[in-house]
Amino acid sequence: MNAAPAAGGFGAGFRAMVPLWIGVVPFGAAYAVSARAAGIDLLHTQLMSLFVFAGGAQFAAVGLIAAGAGPWTLISTTFLLNLRHLLYGVVVAATTELRGGRRLLAAHLLTDEAFGVHVAHGRGRPAFLIGAGLSLFVVWNAATLTGSLLARSLPEPQAIGLDIVFPLAFLALLVPLVRERRTLAVAGIAGIGAWGLAGVLEPGAALLIATALAAGIGAALPAGSREAP
Amino acid sequence: MTPLTWTILAMAAVTFGVRLWGLLLPGAQLRGYGRRFLDAVPVAVFAALVAGGLPGTDATDGAWRLAAAAVTVVVARTRGLAAGLLLGLGVYLTARALGWA
C-alpha cells in the first residue's frame with residue numbers, strides 16, 4: 001500500500017462519492033419505507049440513520065423489529081453484520097494518519113462505500129475519507145427523511161432496477177486493484193466464498209469469513225509479477 | 001427515552017466501537033504476512049461485496065452480466081468510477097427493457 005500525499009482532499013472525497021448517490025438515494029428511501037411499514041415512527045427511523053449509519057444493519061433491524069425480536073437480538077445482529085468494519089479500520093489506519101476528533105468522526109462515517117472510494121482514490125488523505133463519509137451520511141439521511149415522509153408513494157429500488165447499483169459500484173472499485181495473478185486469485189476466492197456462504201450465514205458474517213479467507217490465502221501466495229489476464 | 005431509543009443507541013455504540021477498534025489497531029507497523037494480508041483485504045472485500053450482493057437480486061441474469069462486462073471494460077481503460085457506473089447502469093436498464101433479464 002503506497003500512501004498518497006496527506007494534505008487536503010475533503011472536497012475530492014465528497015465528490016468521489018457522488019456517483020454512488022444513484023444507489024444510496026433509493027435504498028435510503030426504501031429503508032425508511034420498510035421501517036414505517038414495520039411500525040417504527042419517523043423519529044426512530046431517522047435516529048437509526050443518524051446514529052447507527054449502517055445500511056445493512058438498519059435493514060436487518062427493521063426486519064427483526066417487524067418479527068418481534070428483542071433488543072439483544074438487534075444489538076448482536078448489528079455487531080455481527082458490522083464486524084467487517086474492523087478490517088476496514090485496520091486497512092485505513094495502516095495508510096492514513098487519523099488522530100483525535102478526526103479519528104472519532106472517521107469511525108462514525110466508515111461504511112462499505114466510504115472505505116471503497118478511500119482505498120481507490122484517497123489513501124493517505126484523512127480529509128478525503130471524512131469528505132467521502134460525510135457525502136454518504138448527508139445523502140443517506142436526506143433519503144431516509146424523504147422516504148419517511150413519502151412512504152406510501154415510493155417504488156421499491158428492485159422494481160426500477162436500481163438494486164444493481166451497489167454490485168456494479170463495488171465491481172468498478174475492484175477492477176483497478178486486480179493488477180496481477182495474486183490479486184486475481186484473492187478476488188476469485190473471496191467472490192466464490194461470499195457467493196457460497198451468502199445463503200448459509202448472516203450477510204456480514206459471510207462477507208467477513210470470505211474476506212479473511214481470501215486475504216489469508218492471498219498473503220501466503222508468492223508476490224505476482226505477471227499481469228493478470 | 002423509549003426502549004427502542006435505548007436499543008438504537010446500543011446498536012450505534014456497537015457499530016461505532018467496531019469501526020473505532022479497527023482504526024486504533026497498529027496496522028501501519030505490520031510487516032511480512034500481516035502486511036500482505038492487509039494489502040489483500042480491499043480486493044477481497046470488493047469481490048465479496050459484488051458476489052455476496054447478488055443472491056436475492058435480479059443480478060444473476062444476462063442483463064447483469066452485460067452490465068458487469070461494460071463496467072469492467074470502461075473502468076479498466078479509464079479508471080473512471082462515475083463513467084463506468086453510469087454506463088453499466090444504462091446497459092443494465094436497457095437490457096432489462098429489451099427483455100434480456
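Just so it is clear, the model here is predicted, and its values are computed rather than measured.

## Quick notes on the nonpolar core
Right, on to step 1. A:Phe115, A:Val117 and B:Phe46 are the most contacted members of the largest nonpolar core, which totals 97 residues.
Right, on to step 2. Tallying contributions element by element places helix α2 (residues 32-52) of chain B first for this core, with 13 residues.
Right, on to step 3. A domain split of this core shows at least three residues from each of domain 1 (1-52) and domain 2 (54-101) of chain B.
Right, on to step 4. Excluding residues within four positions of it along the chain, B:Phe46 makes contact with A:Phe115, A:Gly116, A:Val119, A:Phe170, A:Leu173, A:Leu174 and A:Leu177.

## Things to note about the pattern of salt bridges
Residue and element names in this part refer to chain A.
Right, on to step 1. One pass over the full model with this rule turns up two salt bridges over all chains.
Right, on to step 2. Across the pair Arg84 and Asp112 runs a salt bridge, and its minimum N-O distance is 2.9 Å. Placement of Arg84 in helix α6 (residues 84-95) and of Asp112 in helix α8 (residues 112-121) is noted, with a sequence separation of 28 residues between them. Here Arg84 and Asp112 have matching classes, each one buried.

## Considering the interface of chain A and chain B
Right, on to step 1. With 87 residues of chain A at the contact, the number on the chain B side is 65 residues.
Right, on to step 2. A combined buried area of about 6500 Å² lies between chain A and chain B, and 81% of that area is made up of carbon and sulfur atoms.
Right, on to step 3. Across the contact surface, chain A and chain B share zero salt bridges.
Right, on to step 4. A total of 11 residues in the side of chain A that touches chain B trace back to one element, the largest contributor, which is α6(A).
Right, on to step 5. Along the lines of polarity and charge, the residues of the side of chain A that touches chain B split into 66 nonpolar, 16 polar and five charged.

## Describing the side chain of A:Gln58
Residue and element names in this part refer to chain A.
Right, on to step 1. Inspection of the secondary structure puts Gln58 in helix α4 (residues 55-66).
Right, on to step 2. Side chain to side chain, Gln58 and Trp140 meet in a polar contact 3.2 Å long.
Right, on to step 3. Once residues within four sequence positions are removed from consideration, Gln58 is found in contact with Tyr31, Met48, Ser49, Val52, Phe53 and Trp140.

## A closer look at the environment of A:Leu43
Right, on to step 1. By the element assignment, A:Leu43 lies in helix α3 (residues 42-52).
Right, on to step 2. For the pair A:Leu43 and A:Leu145, spaced 102 residues apart in sequence, the C-alpha to C-alpha distance is 9.4 Å.

## Description of the side chain of A:Ser135
Residue and element names in this part refer to chain A.
Right, on to step 1. Here Ser135 is to be found in helix α9 (residues 126-149).
Right, on to step 2. Of note is the side chain of Ser135, whose polar atom sits 3.1 Å from the side chain of Trp21.
Right, on to step 3. Leaving out residues up to four positions away in the same chain, Ser135 has contacts with Phe14, Met17 and Trp21.

## A closer look at the domain arrangement of chain B
The figure often quoted for interface size is the accessible area lost as the parts come together.
Right, on to step 1. Parsing chain B into structural domains produces domain 1 (1-52) and domain 2 (54-101).
Right, on to step 2. For domain 1 of chain B versus domain 2 of chain B, the distance between C-alpha centres works out to 28 Å.

## Points about the packing of aromatic side chains
Right, on to step 1. The full count for this structure, using the stated rule, is nine aromatic pairs over all chains.
Right, on to step 2. Between A:Tyr31 and A:Trp140, the aromatic rings sit 6.0 Å apart at their centres with planes inclined by 20°, giving stacked as the arrangement. Of this pair, A:Tyr31 sits in helix α2 (residues 21-37) while A:Trp140 sits in helix α9; the two residues are 109 residues apart in sequence, bridging distant segments of the chain.
Right, on to step 3. Residue A:Trp140 is classed as buried on the basis of its relative accessible area, which comes to 7%.
Right, on to step 4. Judged by centre distance (6.1 Å) and plane angle (50°), the rings of A:Phe115 and B:Phe46 are tilted. Residue A:Phe115 is found in helix α8, and its partner B:Phe46 is found in helix α2; the two belong to separate chains.
Right, on to step 5. Through a chain of ring-to-ring contacts, three or more aromatic side chains come together here, namely A:Phe27, A:Tyr31, A:Phe59 and A:Trp140.

What counts, and where the lines are drawn
- Residues numbered from 1 in each chain as written.
- Chains lettered and ligands numbered in written order.
- Predicted model: local features only at pLDDT ≥ 70, side-chain atom pairs only at ≥ 80, totals over all residues.
- Heavy atoms only, no water.
- Core = buried A, V, L, I, M, F, W, Y, C linked by side-chain atoms within 4.5 Å.
- Buried < 20%, exposed > 50% of the residue type's maximum accessible area, 1.4 Å probe, protein only.
- Helix = DSSP H or I, 4+ residues; strand = E, 2+ residues; numbered from the N terminus.
- Domains from an automatic or database assignment.
- Contact = heavy atoms within 4.5 Å.
- Salt bridge = Lys/Arg side-chain N within 4 Å of Asp/Glu carboxyl O.
- Buried area = accessible area lost by both parts, 1.4 Å probe.
- Nonpolar A, V, L, I, M, F, W, Y, C, P; charged D, E, K, R; others polar.
- Polar contact = N/O pair within 3.5 Å; in protein donor to acceptor, adjacent residues only side chain to side chain.
- Phe/Tyr/Trp six-rings, centres within 6.5 Å; stacked < 30°, edge-to-face > 60°.

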